[in-house]
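# Observations on the three-dimensional arrangement
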Amino acid sequence: DAGVTQSPTHLIKTRGQHVTLRCSPISGHKSVSWYQQVLGQGPQFIFQYYEKEERGRGNFPDRFSARQFPNYSSELNVNALLLGDSALYLCASSWYNQETQYFGPGTRLLVL
Amino acid sequence: AQTVTQSQPEMSVQEAETVTLSCTYDTSESDYYLFWYKQPPSRQMILVIRQEAYKQQNATENRFSVNFQKAAKSFSLKISDSQLGDAAMYFCAYRIVFGNEKLTFGTGTRLTIIP
């Protein structure tokens with residue numbers, strides 16, 4: 001079975017632009033979570049979605065938003081990009097409220 | 001708020017030897033899960049081992065085992081017979097059982113394997 005997939009793998013944006021990151025969960029998984037990992041730090045929780053509803057939100061500004069589609073894939077959107085948004089963005093999927101999340105390979109975002 | 005602390009930024013071990021990575025956490029919850037994830041240079045976060053807080057028995061997965069001390073809020077990872085492929089960043093993580101699936105991570109320990 002395919003694991004969690006994310007696209008694109010890398011992208012470069014300039015300050016003030018908008019970006020959309022995509023995630024496809026493992027087949028059968030209905031929950032998707034997003035994390036931001038700044039270089040040298042552990043991942044920070046951004047959002048969790050289950051059945052198209054937001055079930056958790058981390059301490060991130062309103063510039064960050066997400067949604068989940070009927071096929072359980074998800075998008076993370078970031079508006080008005082700042083230099084500090086440069087990071088690895090990780091997506092993880094799971095059965096709802098099961099104990100293990102499986103991570104994708106991440107999207108590396110560089111904001112110039 | 002829950003916090004996870006990894007006090008060893010870097011560790012090294014000779015190939016085939018044993019190494020222990022430390023993790024402490026702070027929580028007021030009684031039911032929770034603890035995890036060790038491995039992140040090699042490829043950046044893919046890979047689950048190494050998990051522990052349910054209600055279980056007194058320490059989890060074991062092949063060469064990987066944990067020492068879970070609930071009262072001390074300590075959760076260390078022991079890697080036996082270290083192999084070159086074990087070289088990676090290791091993150092300790094915590095989540096509550098009920099509620100959303102937020103994982104709280106530590107800052108990581110970089111493990112180097114010396115041939």
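Here, every reference points to the structure presented above.
So, here is what we can say about the structure in this document.

Rules used throughout
- Residues numbered from 1 in each chain as written.
- Chains lettered and ligands numbered in written order.
- Predicted model: local features only at pLDDT ≥ 70, side-chain atom pairs only at ≥ 80, totals over all residues.
- Heavy atoms only, no water.
- Helix = DSSP H or I, 4+ residues; strand = E, 2+ residues; numbered from the N terminus.
- Contact = heavy atoms within 4.5 Å.
- Buried area = accessible area lost by both parts, 1.4 Å probe.
- Salt bridge = Lys/Arg side-chain N within 4 Å of Asp/Glu carboxyl O.
- Polar contact = N/O pair within 3.5 Å; in protein donor to acceptor, adjacent residues only side chain to side chain.
- Nonpolar A, V, L, I, M, F, W, Y, C, P; charged D, E, K, R; others polar.
- Buried < 20%, exposed > 50% of the residue type's maximum accessible area, 1.4 Å probe, protein only.

### Quick look at the environment of Leu 39 of chain A
Note on placement: Leu 39 of chain A falls in the loop between strand S4 (31–37) and strand S5 (44–50). Separated by 66 residues in sequence, Leu 39 of chain A and Pro 105 of chain A have C-alpha atoms that sit 15 Å apart.

### Let's talk about the interface of chain B and chain A
Contacts between the two partners involve 22 residues from chain B and, on the opposite side, 26 residues from chain A. When chain B packs against chain A, close to 1900 Å² is buried across both sides, 46% of that on carbon and sulfur atoms. Taken together, chain B and chain A are joined by zero salt bridges. The interface formed by chain B and chain A includes nine residue pairs in polar contact (both at pLDDT 80 or more). Listing elements by their share of the side of chain B that touches chain A, those giving two or more residues are strand S5 (32–39), strand S6 (46–52) and strand S10 (88–96) of chain B. In terms of residues, the side of chain B that touches chain A owes the most to one element, S5 of chain B, which gives four residues. Of the residues belonging to the side of chain B that touches chain A, the class tally is 10 nonpolar, six polar and six charged.

### Let's talk about the environment of Glu 75 of chain A
Residue and element names in this part refer to chain A. Summarising the element assignment, Glu 75 is placed in strand S8 (residues 74–78). The class for Glu 75 is buried, based on a relative accessible area of 10%. Between the C-alpha atoms of Glu 75 and Gln 6, which are 69 residues apart in sequence, the distance is 9.7 Å. In this structure Glu 75 touches Thr 20, Leu 21, Arg 22, Trp 34, Ser 65, Ala 66, Arg 67 and Phe 69, once residues within four positions along its chain are discounted. Among the polar contacts listed, one links the side chain of Glu 75 to the side chain of Arg 22, at a separation of 3.5 Å.

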